[in-house]
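Descriptive structure summary
Below, each chain spelled out in residue letters.
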Amino acid sequence: MNSETKTKFDSIKQLSDKYLLGTYNRYPVAFQYGVGEMIFDQDNKGYIDFLAGIAVSNLGHGEADLIEALRNQMDKILHSSNLYYSEEQAKLAEVIIENSIPGKVFLCNSGTEANEAAFKLMRRHGVNQNIDSPVILALHSSFHGRTLSAMSMTGNESVRNGFGELAADVHFVEPNNEDSLIQAFEQYGGSIAGIIMELIIGEGGVIPLTQSFVNLARKLTEETNSLLVFDEIQTGMGRTGKMFCFEHYGMYPDAFTLAKALGSGFPMGALVVSKEYESVLEKGMHGSTFGGNHLACVAAYETFKIILSRNLLDHVSTISEQMFLRLKQIMESTGKIKEVRGRGLHIGVELYTESRPVVEECLKRGLVVNSTAGKVIRIIPPLILSIEKATEGLDILESVLKEMK
């Protein structure tokens, strides 16, 4: 890093430290632009992107068709509000439903807002069943957002602690522990309004749910007339080799939430509700000023078009298979990896030691990866990742692991 660029970065850092709340533990780099699966810093140094803005930039950086669609819309109208009809909303809702489950869509701006809507859907469903205090079940180690209700459904104590009493009647189940799930349904019985779960627990360490656990959840919710809700905020939009992760499990949820890659970097979220429950939230019960504005809907609609028209789902499956094979080789060559798990391009590499020092060293060498759950390296690259860049990135990871004491 030359002195001129160091001064530029220091200026960015000083300005940030002076005016931004210190709620993030940031890495010492400021990215300026991206091309494909590469991202570049203030010194024009290139990095292989194995993070995609935390599973957001699924189409990579600088996608020409997306940029053109956004420019065209910006010449027309950005926002008019949900007091009126919108062609862009209608077209987006259609493509979501046609590629997921029969039902309807509520559009918002983020993952936590989508999960807030899911929270209200479950609670309202419980009230409609004459339940005085509707119970919502969620999973330990899960992450559903940082607003009050979403945080209340988050099973990560470090996220929940320090804010006093959270939303009442939310209880947690051990992921992939069928006895724990059965016990919860027996304990709360007819008071359960729904259960929300990530099919791959992301922030909690990239833990895929087993088929039998999800099957049991479906069975128990049907028996109790409660809702099965999947949080597809990280796993949706092709991340796992299917458009939505629930397709791997051979079942439909009663509702699911989307965000992150839905807008390819433009803030966008959605709650998708199955036909059976699409009337639970009535007019006036929920809303959003910005949710589903014209520009956001164009971003999401174009994202669907690109994923579906370019066979990206097949590409994800192919690249995933090769990356898992390579990671198993690295596991053997380094002796530093405890387990490799995940699905598609949602991969967790659990180490025997803390993962953040590895992530920091990878960053120095031009590879962007993520540290989560203490000892896990999370690999969530753009879906367009080439085999050449996948190999190059994993070579960097292997070299760092070999040199770590």
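Residues numbered from 1 in each chain as written. Predicted model: local features only at pLDDT ≥ 70, side-chain atom pairs only at ≥ 80, totals over all residues. Heavy atoms only, no water.

1. Some points on the domain arrangement of the protein chain
When its domains are assigned, the protein chain resolves into domain 1 (8-62 + 311-403) and domain 2 (77-310). Centre-to-centre separation of domain 1 and domain 2, based on C-alpha positions: 26 Å. Counting from both sides, the interface comprises 26 residues of domain 1 and, opposite them, 30 residues of domain 2. For the pair domain 1 and domain 2, the summed buried area comes to about 2300 Å², and 58% of that belongs to carbon and sulfur atoms. The largest contributions to the domain 1 side of the interface with domain 2 come from Leu313, Arg343 and His346, which together make up 29% of the buried area. Where domain 1 meets domain 2, there are one salt bridge. Here arginine 378 and glutamate 203 are joined by a salt bridge, their closest N and O atoms 3.2 Å apart. (Domains from an automatic or database assignment. Contact = heavy atoms within 4.5 Å. Buried area = accessible area lost by both parts, 1.4 Å probe. Salt bridge = Lys/Arg side-chain N within 4 Å of Asp/Glu carboxyl O.)

2. A closer look at the side chain of glutamate 116
Here glutamate 116 is to be found in helix H5 (residues 111-128). There is no salt bridge for the buried glutamate 116, and the closest opposite charge comes from lysine 120, which lies 7.3 Å off by N-O distance. Each residue touching glutamate 116, except ones within four places of it in the same chain, is listed here: Thr147, Leu148, Ser149 and Ala150. (Helix = DSSP H or I, 4+ residues; strand = E, 2+ residues; numbered from the N terminus. Buried < 20%, exposed > 50% of the residue type's maximum accessible area, 1.4 Å probe, protein only. Lys, Arg positive; Asp, Glu negative; His and termini not counted.)

3. Some remarks on the sheet that holds strand E1 (residues 31-35)
For sheets, the rule is that strands pair by backbone hydrogen bonds, running either parallel or antiparallel. As summarised here, the arrangement of the four strands in space is E1-E2-E3-E15, forming an open sheet in which the pairing is mixed. The outermost strands of the open sheet, each flanked by one partner alone, are E1 and strand E15 (367-368). Across three bridges, strand E2 (residues 38-41) lies against strand E3 (residues 46-49) in antiparallel orientation. Counterpart to phenylalanine 40 in the pairing with E3 is glycine 46. Lying on the sheet, helix H13 (residues 387-403) is in contact with E2, E3 and E15; it crosses E3 at an angle near 100°. (Pairing = 2+ DSSP bridges. Axes fitted to C-alpha atoms, helices over the stretch in contact; angles between N-to-C directions.)

4. Let's talk about the sheet that holds strand E17 (residues 376-379)
Sheet architecture is open: four strands sit in the order E13-E14-E17-E16, paired in antiparallel fashion. Both outer strands of the open sheet, strand E13 (337-343) and strand E16 (370-372), are each paired with one neighbouring strand and no more. Within the sheet, the average angular offset between the axes of one strand and its neighbour, ignoring direction, is 25°.

5. Digging into the nonpolar core
With 58 residues, the main nonpolar core has Leu92, Leu181, Met197, Leu209, Phe230 and Phe304 as its most contacted residues. When residues of this core are assigned to their parent elements, the largest contribution, nine residues, is made by helix H10 (residues 294-309). Looking at which domains feed residues into this core, each of domain 1 (8-62 + 311-403) and domain 2 (77-310) gives three or more. Within the second largest apolar cluster, 31 residues are counted, among which are Val340, Ile347, Ile379 and Leu397. (Core = buried A, V, L, I, M, F, W, Y, C linked by side-chain atoms within 4.5 Å.)

6. Quick look at the pattern of salt bridges
Applying the stated criterion across every chain, the model contains 22 salt bridges. The partner of aspartate 17 in a salt bridge is lysine 13, and the shortest N-O contact between them spans 2.8 Å. With aspartate 17 and lysine 13 both in helix H1 (residues 3-19), this residue pair falls four residues apart, about one helical turn. Relative accessible area serves as the criterion here: at 41%, lysine 13 is assigned to the partly exposed category.

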